[in-house]
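Below are the chains, spelled out letter by letter.
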Amino acid sequence: MSLDFLTTAPVADGAGPANQSDPVARSPMERCAQAVGARFEVRSGWNVAAGYTSREHEMDLSTTAVGWADVSHLGKLELQASPEAMRTIVADAAGGASPELGRATRAGYVWWLPLTPSRTLVVCEAADAPGLKRRLTEAASDSPGHASVADVTSVFAALTLVGPLAREVFARFCAIDLRPAVTPVGGLRPGSIARQPGLIVREEENRFLFLFGWAVGEYMWAVVADAARHLGGGPIGLDALSSHPQPSAEPSRA
Amino acid sequence: MSFLLTCPNCGVREVTDFGFGGEISARPAPHPSFRELNTYNYFRRNTAGVQREWWFHRSGCRAWFIAERNTSTHEVLFTALPGEAEGAGGPGAGPDAGPGAGSEPTGADPGAAI
Amino acid sequence: MSRLPEQPGERIHRHKLISFTFDGKKVEAYEGDTVGSALYAAGQRTFSRSFKYHRRRGLLCCAGQCPNCIVAVDGAPGARACVEPVREGMRVEHLNAKPSLEFDVMRATDLAGGPFTPPGFYYKTFIKPRRLWPLYENVLRNAAGLGKLRERQADREWRTEYRRRHADILVVGGGAAGLSAASAAAELGADVVLVDDGVEPGGRGLLDGAERTRLAGLTAEARAAGVEILSGASALGYFDGLVPVWQGDTLHQVRARRHVFATGTIEQPLVFAGNDLPGVMLAGGARRLASLYSVLPGHRAVLATTSDRGLRSAIALRELGVQIVAVADLRPNPGPVADTVRALGIEVLAGHTVIEASGRKQVAGAVLAPVGHRGNGQSGERAFGCDLVLVSGGAMPATSLLLQAGAQTRYDEAIGHFMIESVPDGIYAAGEVAGAESAEHIEHSGALAGLRAAHVLGLGDERSREREQQTEARIAEAAQRLPGVAVPEPVSGAGRGKCFACLCEDVTSKDVSLSIDEGYDSIELAKRYTTVTMGPCQGRMCQVPSVRLMAQETGQSLAAVGTTTARPPWVSVPMGVLGGRPYEPAKRSAIHGRHRELRANVKWAGDWRRAYDYGDPEGEALAVHQAAGLIDVSTLGKLLVRGPHAGEFLDRLYPNRFANLAPGRIRYGVISSDAGRIVDDGTICRVDEDTFYVTTTSSGAGAVEEWFSWWLADWGLDVHLTDVTQGLAAVNLAGPRAREILSRLTDLDCGGEGFKYLDAKQAAVAGVECLILRIGFVGELGYEIHFPSAHGEHVWDALIAAGEEFGIRPFGLEPQRILRLQKMHILIGQDTDSESTPFGAAMPWIVKLDKEEDFIGKWALEHYAKETPAVSLVGFTTANGHVPTEGAVVVDAGGAPAGLITSARRSPVLNQVIGLAWVPSQLAAEGTTITISDEGQTFSAQIQTRPFYDPDGEVLRS
């Protein structure tokens, strides 16, 4: 036996709604998005909210106020190893990067998020997850001592908050200090968010990746939507999100 | 009670982020007498002052760490991962300073920071 | 609406009329008015009825400090009219008077009740007969209090924004000191938040024409330096560095690294007969009314003061048109300001104070007398006709927040107040609260606090440090205390009528004396007994008067009496503001949407929302026996335990063995604490040599992960834990047709030989890779299927569709409890408590004391193994069909409690009542008859020790 039961089934892409019999992967916030008019498409095996109103309107919303996008489909892998082995494995797989606690390292469109000296969360595009998992597993098997690679994609749901008021939205339900002087771009901040364990990555000045438990998806959507709407924000689809400046492949280190 | 605590992995957070594991006490030698065992399980020094204690970053990295804290003032003198705490002086959290101390899984709610 | 001529600095905008209603009557106001100023301008003098005696109360402080003008606004009680801004159409109503504010029947308590309503009278008077207390309570509750909440609230009345604000420095108080502190720090680059309760920053100085320009300049400087100024905002308390700041519909939770408190002083009332009559006003309050809102507080006024502060107010009021009839200055030699007053033709009685205010509905006259006057009108008493009595009893430093932050105060004999003596690191006191008096001193002390706080944070440079030193020197020059403050008598005019020490709770000077006579002779005890300082003013008006009374009565010094502990909230705040966001963190399984569509009865189960049943729990349970059922068990805790030491790790944590479990096999385990008590249970499956898949109870998931990682942190074994609870959905497919249904969706050999009881297999089900555990969860042939949450509904739907022709039904938590009870499976936390051991819980077989590894709980279990447990968990059936309440007691022959029912249900398949109970071990033998006492009913039950259903497990292994 293996741990393949942690990994979602592969399904071919399609522009239209998901085929009933295909095991398309779904976000825990899918119904929330549906209720506010999301348009769905199957991408990399996931039923994703591509848009809501129009790309222009969603862009406007998220450049003047704040937009939130469901990005639960992002691939998430958990790597555990002794601190020494961890450094070697990550350096191998992330092209020489050496992650440090409290900082997210971007390498090859992958976020390396060291949570403890012996535990790193890796977040990548859904399509890249199988390849990255393979690479990590190989690197882990070569390392001295035991190293564990586990697919935790559906352990964590995720939202991206983007816009000048994104930080204010977090201030409505989160005690973590996100002032730029304290949490600069690339800052990694695990902690209590809306009374649940979560973590925030400051991807850009006004762009935050927010990971939280899959089972609290509906709750977190309600909390974020309430706070963001009050500040003039709204949901945005992946199409509008991809029109925003993307976290670069290799952000400069602060 | 709303002091700050520094998680050795994640940094400064509200105390409501954390779970409290109680004062650190040494586990008795194997096969203790009933009295020794019950002392270990049920008796606490309950220091009014500085003590070493276990904390768990429940809402963050979910790692256990050790803090030295003044229970009267909530002043936290230091925090460290187990094994890194000895250098800070005082009773170490070495291999015989087991977490048990008669504690049981608490299952308490994550912090209520709004 | 009578107003003074337009004057500079007034807050009202005369071109903008606003109207609102007070008790249904229309009231005209200007924009910028407060409810209090508008009502006063309209001639209203009575604003409320007092808490206990229902006496008339009018404006006293005009600064939101006292309880006298508390009203309900748009149905919400607790607003202070004197600071509540007027809004078009707002509905203002009085509190605590029936039928009206003018005619209040409960006034009788004052006229007749004085001697009958001492402190604690409700305990003393209404104690017998006991059975009538509910009636008394109803009457008392209606008679007292500060308004009524509506009983049912369909929606929250308002939305509160909760906003976390991190800052380098928080400055509380926006007077000259606070503004200077904020600017000084912000100019050095500190991120500063300033909180001020005024409409605009400036503090008390705004009342003074000459000061206004300077304060406007300081405000502009602070803004230019980047200070975030929160106006109309109140700091509620200090909680280890966290300061909640209430600002209208927002609660800022400010977490700053350094705190500057520039909270100023509070003008004190005097205690004399009739000191609560409408028309008795703090001199500063009258001045606010006149200067800011251009409302004439009265025509003829008498002033009683202890310092220049009152004299200055009187001069200002005279300029605005109030005739000052006479001034009683407590000081024997009042000094130059008094000479100025005299020069205006006003009689100043040195060494005098006020001993009585008289009048029926409002002040009509006042009696002044020399200090220490105890007589009754013979020696030196002077009576004046007036409609206003101005009082100024000294300036009490507003130290509450500082005290909460750990500051210490000391009684200062010279000025009769408790002054700041020391502050802890990181806390700074500035301005009047720190004892500064002159304008120059106040400003410098603010700047110094700001500079020091910034420097401590590593900001600033040589020049700023030089400025810090210069400021210190200037303060030394400026710090000469201004002359002339007198300490008032605790009470003047005793014997002439009620002298109120505490207006909020209607506590008179007599009540305080009485409480001391009854033995409540420390200030903390007297506070609790008389409730003095416990009302909405939070001690602002009554702390010092009550301490003075206590000192006089007990013959102690004020320093010895001390003050009561300062506690939050410093400002009255609606509970709704503290209530938090109206969202409860709920966990939901990835299949939850389907349960809702099936109209499941959804309830809380720990922090999860779960389907208890789908409307027919017994039918659902029967379907599992007769065909098949499907239950969502995604809430189970799920942990990956990986590494070369994984088996050893589990052997140290569980009383039974896991290192010898073969890959692909499953074993049940119970976790015990170091005290040998049952903590959790679940199944453990060995995935491969190095990997175990551990399931826990739903409610124990988080705690077990913490427990495992705690011991791992200590033992340092080569093991890695991953909590995948939320990442995997899980369903249990159970029933005689389960095998056929599963076979339709997978290529796996599901036959009894190929897939045995307690085997684990990995296979694709409906196209999704799953871990399938064959376990006896509900007592029928069953498969527990675990798969990624992202496929939750897909796999559920596929199983329901495949099972349709076999009669599959979804079943919920309630039928699951029936089914599991039939098998005598214990439910941790329901059938066990913190005292339960595996021996008592009839699971001695799970404890392997001969294991090589020491396991957690072994030492305790070794002791328990030597003796028969006092109580044992056993099954029972009842003959009469009565289902006992969970929690009903098992009684012994004498009728005394001897045991406890923990679970009981009717089993539809057995057509019998079954249950689990803890009974004395001598009653635990098969067939013993026990007696159950349940809410007055007594009936018998028979002990059964083997599972009620399929006791030999034949069905299970089929």
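If you're wondering where the values come from, they're calculated on a predicted model, not measured in any experiment. (Residues numbered from 1 in each chain as written. Chains lettered and ligands numbered in written order. Predicted model: local features only at pLDDT ≥ 70, side-chain atom pairs only at ≥ 80, totals over all residues.)

1. A word on the overall build of chain C
For step 1, the next point in the chain: Within chain C, the secondary structure is distributed over 26 helices and 48 strands.
For step 2, the next point in the chain: Taking 30 Å as the expected radius of gyration for a compact globule of 958 residues, we find that chain C reaches 38 Å, considerably beyond that expectation.
For step 3, the next point in the chain: Principal axes of the C-alpha set define a box for chain C whose edges measure 115 × 75 × 55 Å.
For step 4, the next point in the chain: The buried share of chain C, reckoned over its 958 residues, is 55%.
For step 5, the next point in the chain: Taking as baseline every contact in chain C between residues at least 6 positions apart, the subset at least 24 positions apart corresponds to 66%. (Helix = DSSP H or I, 4+ residues; strand = E, 2+ residues; numbered from the N terminus. Rg over C-alpha atoms; globule rule 2.2 N^0.38 Å. Buried ≥ 20, exposed ≤ 12 C-beta atoms within 10 Å, placed from the backbone. Contact = placed C-beta atoms within 7 Å.)

2. Description of the overall build of chain B
For step 1, the next point in the chain: A tally of helices and strands in chain B yields one helix and six strands.
For step 2, the next point in the chain: Along its sequence from the N terminus, chain B presents helices and strands in the succession β-β-β-α-β-β-β.
For step 3, the next point in the chain: In chain B, the proportion of contacts linking residues at least 24 apart, taken out of those at least 6 apart, comes to 57%.

3. Description of the interface of chain B and chain A
For step 1, the next point in the chain: Contact residues are listed per partner, giving 17 residues for chain B and twelve residues for chain A.
For step 2, the next point in the chain: Its residues assigned to classes, the side of chain B that touches chain A shows seven nonpolar, six polar and four charged. (Nonpolar A, V, L, I, M, F, W, Y, C, P; charged D, E, K, R; others polar.)

4. Details of the confidence of the model for chain C
For step 1, the next point in the chain: In the predicted model, chain C carries a mean pLDDT of 92, and 96% of its residues have values of at least 70.
For step 2, the next point in the chain: With pTM at 0.92, the complex prediction returns an ipTM value of 0.97. (pLDDT = per-residue confidence, 0-100.)

5. Details of the sheet that holds strand β29 (residues 587-588) of chain C
Residues and elements named next belong to chain C.
For step 1, the next point in the chain: Taken in spatial order, the three strands of this open sheet run β29-β31-β30, and their pairing is mixed. The open sheet is flanked by β29 and β30 (601-605), the only strands paired with a single partner.
For step 2, the next point in the chain: Looking at chain direction, β29 and strand β31 (residues 608-613) are connected through two bridges and run parallel. Bridging from a neighbouring strand, K587 pairs with W608 of β31. (Pairing = 2+ DSSP bridges.)

6. Some remarks on the confidence of the model for chain B
For step 1, the next point in the chain: On average, residues of chain B carry a pLDDT of 80, and 74% of them reach 70 or more.
For step 2, the next point in the chain: Ignoring residues within four places in sequence, the model shows residues 87-114 of chain B, a span with pLDDT below 50, making 81 contacts including any to other chains.

7. Side note on the pairing of strand β19 (residues 352-358) of chain C
All names here are of chain C.
For step 1, the next point in the chain: By the criterion of burial, β19 is predominantly enclosed, with six of the seven residues buried.
For step 2, the next point in the chain: As defined by bridge partners, β19 adjoins strand β20 (residues 365-370) across six bridges and the pair is classed as antiparallel. Bridge assignment links S358 to a residue of β20, and that residue is G365.
For step 3, the next point in the chain: Between β19 and β20, which follow one another and run antiparallel, lie six residues, and G359 among them has a positive phi close to 140°.

8. Examining the sheet that holds strand β15 (residues 280-282) of chain C
All names here are of chain C.
For step 1, the next point in the chain: Taking strand neighbours across the sheet as the criterion, the five strands line up as β15-β22-β16-β17-β18 in an open arrangement whose pairing is parallel. Lying at the two open borders of the sheet, with one neighbouring strand each, are β15 and β18 (347-350). With strand direction ignored, the average angle separating the axes of adjacent strands in the sheet is 20°.
For step 2, the next point in the chain: In this sheet, strand β22 (residues 388-392) lies alongside β15 in parallel orientation, the contact comprising three bridges. Across the sheet, residue M281 finds its bridge partner in β22, namely L390.
For step 3, the next point in the chain: Contacts from helix α8 (residues 308-320) reach β16 (300-305), β17 (323-329) and β22, with the element oriented near 145° to β22. (Axes fitted to C-alpha atoms, helices over the stretch in contact; angles between N-to-C directions.)

9. Digging into helix α14 (residues 523-530) of chain C
All names here are of chain C.
For step 1, the next point in the chain: Of all the positions in α14, only I523, A526, K527 and T530 are classed as buried. The buried residues of α14 occupy an angular sector of 105° when projected down its axis, which confines them to one face.
For step 2, the next point in the chain: Its buried side turned inward, α14 meets β28 (507-508), α13 (509-517), α15 (543-554) and α16 (558-561).
For step 3, the next point in the chain: The first or second residue beyond α14 is T531, which carries a positive phi of 65°. (Arc of directions from axis to C-beta.)

10. With respect to the environment of A301(C)
All names here are of chain C.
For step 1, the next point in the chain: Turning to its location among the elements, A301 is positioned in strand β16.
For step 2, the next point in the chain: Remark: the alpha-carbon pair of A301 and C750, spanning 449 residues in sequence, is separated by 99 Å.
For step 3, the next point in the chain: Each residue touching A301, except ones within four places of it in the same chain, is listed here: L317, V322, Q323, I324, V325, C386, L388 and L390.

11. Digging into the environment of K498(C)
All names here are of chain C.
For step 1, the next point in the chain: In this structure, K498 sits in the loop between α12 (462-478) and β27 (500-502).
For step 2, the next point in the chain: Assessed through the 17 C-beta atoms surrounding it within 10 Å, K498 is described here as partly exposed.
For step 3, the next point in the chain: Measuring from C-alpha to C-alpha, the distance between K498 and D276 comes to 8.8 Å, with 222 residues separating the pair along the chain.
For step 4, the next point in the chain: With residues up to four places along the chain from it excluded, the contact list for K498 reads A273 and T508.

12. Thoughts on unusual backbone geometry
For step 1, the next point in the chain: Looking along the chain, the bond that leaves P568(C) and enters P569(C) is cis, with omega of 0°.
For step 2, the next point in the chain: Mapping P569(C) onto the fold places it in the loop between α16 and α17 (575-578).
For step 3, the next point in the chain: Despite not being glycine, H74(B) shows a phi value in the positive range, around 65°.
For step 4, the next point in the chain: The topology assignment puts H74(B) in the loop between β5 (64-70) and β6 (76-80).
For step 5, the next point in the chain: Residue class for H74(B) comes out partly exposed when judged on the 15 C-beta atoms lying within 10 Å of it.
For step 6, the next point in the chain: For L758(C), which is not glycine, the phi torsion reads 70° and is therefore positive.

13. Some points on helix α3 (residues 83-93) of chain A
Residues and elements named next belong to chain A.
For step 1, the next point in the chain: For α3, the complete set of buried residues consists of A85, M86, I89, V90 and A93. Viewed along the axis of α3, the buried residues span an arc of 125°, placing them on a single side of the element.
For step 2, the next point in the chain: For α3, the elements touching its buried residues are β5 (75-80), β7 (110-116), β8 (119-124) and α4 (129-142).

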